[in-house]
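So the chains spell out like this:
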Amino acid sequence: MERILSGIQPSGTIHLGNYIGALRQWVALQEQYDSFFCLVDYHAITVRQDPEQLTYNTYSLVAMYLAVGLDPERVTLFRQSDVSAHTELAWIFNTFAYMGELERMTQYKDKAKQHKKNNNVGLFTYPLLMAADILLYQPKYVPVGEDQKQHIELTRELAERMNNVYGETFTIPEYFAAPQGARIMSLDDPTKKMSKSATSEWGYIALTDTPEVITKKVKKAMTDSGTAVVAGKTTPALTNLLTIYSVLSDKTIQEVEALYQGQGYGKFKQGLAEVIIEYLKPIQVNYATLMSDIPMLQRILQQGAAKAKLIADKTLNDVKAKIGIHP
Ligand code: AMP
Ligand code: TRP
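Note that the coordinates shown come from a computational prediction; the quantities given were computed from them, not determined experimentally. (Residues numbered from 1 in each chain as written. Chains lettered and ligands numbered in written order. Predicted model: local features only at pLDDT ≥ 70, side-chain atom pairs only at ≥ 80, totals over all residues. Heavy atoms only, no water.)

Draft legend 1. Representation of the nonpolar core. Ranked by size, the top nonpolar core spans 64 residues in total, and within it Tyr-65, Leu-77, Ile-244, Leu-248, Phe-268 and Ile-276 carry the most contacts. For this core, the element with the most residues is helix H12 (residues 264-291), which contributes 12 residues. Summarising the domain contributions, this core has at least three residues from each of domain 1 (3-176 + 293-323) and domain 2 (201-288). Sequence-distant contacts of Ile-276, that is, excluding residues within four places in its chain, are made with Leu-16, Ile-205, Ile-214, Val-218, Ile-244 and Leu-248. Membership of the second largest hydrophobic core comes to 41 residues, among which are Leu-5, Met-105, Ala-112 and Phe-170. (Core = buried A, V, L, I, M, F, W, Y, C linked by side-chain atoms within 4.5 Å. Buried < 20%, exposed > 50% of the residue type's maximum accessible area, 1.4 Å probe, protein only. Helix = DSSP H or I, 4+ residues; strand = E, 2+ residues; numbered from the N terminus. Domains from an automatic or database assignment. Contact = heavy atoms within 4.5 Å.)

Draft legend 2. The arrangement of the site of ligand 2 in detail. The environment of ligand 2 is formed by 13 residues, the closest being His-43, Tyr-126, Met-130, Asp-133 and Gln-148. With respect to ligand 2, the side chain of Gln-9 contributes an N or O atom lying 3.4 Å from an oxygen atom. Between ligand 2 and Tyr-126 there is a distance of 2.7 Å, counted from a nitrogen atom to a side-chain nitrogen or oxygen. When residues of the shell around ligand 2 are assigned to their parent elements, the largest contribution, four residues, is made by helix H7 (residues 121-135). Across the shell around ligand 2, the residue classes break down as seven nonpolar, five polar and one charged. (Near = heavy atom within 4 Å. Polar contact = N/O pair within 3.5 Å; in protein donor to acceptor, adjacent residues only side chain to side chain. Nonpolar A, V, L, I, M, F, W, Y, C, P; charged D, E, K, R; others polar.)

Draft legend 3. Structural context of the site of ligand 1. Not every one of the 18 residues close to ligand 1 is listed here, only the nearest: Asn-18, Gly-145, Asp-147, Ile-184 and Met-194. Contacts to ligand 1 include Ile-184, whose backbone N or O atom sits 2.8 Å from a nitrogen atom. A distance of 2.9 Å is found between a nitrogen atom of ligand 1 and a backbone nitrogen or oxygen belonging to Met-194. Within the complex, the protein chains bury 93% of what would otherwise be the 480 Å² of accessible surface of ligand 1. In this structure the site holding ligand 1 corresponds to the largest pocket. (Areas by Shrake-Rupley, 256 points an atom, 1.4 Å probe, with all protein chains shown as cover. 1 Å grid on protein atoms, 1.4 Å probe; cavity = no way out; pocket = protein on both sides within 12 Å on 5 of 7 lines; lining within 4 Å. Sits in = over half its atoms within 2 Å of the grid points.)

Quick look at the structure:
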């Protein structure tokens, strides 16, 4: 069985962008692939976190992984910090990656601007820890949103560099894009991606948002200058909303356009809010139940870490031996 690996930072709200771009794919792929899903807490601390909140967010994220439909019997769910091979291999990659390569990363450039007062070295070397997360498990695919594509390219580059010097060491992983919605845009600014670090909460819909909040956010969402509910180059805001509608309702964009032909934005937004609310309802029920049993979530993470460690240590030991560091 071919392998996939992906991860999300436990740094707060999981939103529709995360779901459509990443999580939803994971759920679909778990049947066909040997799947590893990581909670990347060492990535999360590149932005200052409140310690108690970070612990809570970790459980909250495992609960969300399960609530959307990942099956812990089938997939390996684990926390990055529980498998020390990740940080060890990341260090080794620090000695193989070039400053210029990391300076080109758009996520770094954005975050450095956003966190001027805490532009720490970890923000800069973040992609190398991500490369380690991936390459330790030799996956064929990495299902992530489009914003992570550049990091996957760097990961491939590093893997090839090491393979060239030391012989076949790493599988070269491929970016796996969602068929639709690999880049969901912000509701209040369709030129920016939907993001939890956005300055305004009007830009995203959290998977845990209440029906009232969802209705308000959709009502307030930016639209284009016009009246027709159509997707296209000149209607970026509508295209984004139609994409969300289409993915969550299993209708094509054309079908949704036809449904709201001649009805204007108000009706469409009302329909969209209903689709989102209905879609999230069962997820929210599952989530609440799962969050009431933290020891169970802890057990799942422990079991996952034990499984992950077996694979990760094997790769790490191979790399160490190749560079001349024997146990
Ligand atoms: P993050 O929230 O940055 O930890 O991202 C977690 C996962 O969600 C990654 O695979 C991202 O690529 C994906 N993701 C984040 N924001 C979006 C978005 N606006 N549209 C699609 N995918 C996204
Ligand atoms: N950098 C990713 C993000 O911000 C999260 C991440 C860390 C990741 N390690 C990973 C994603 C490994 C896929 C595989 O969304």
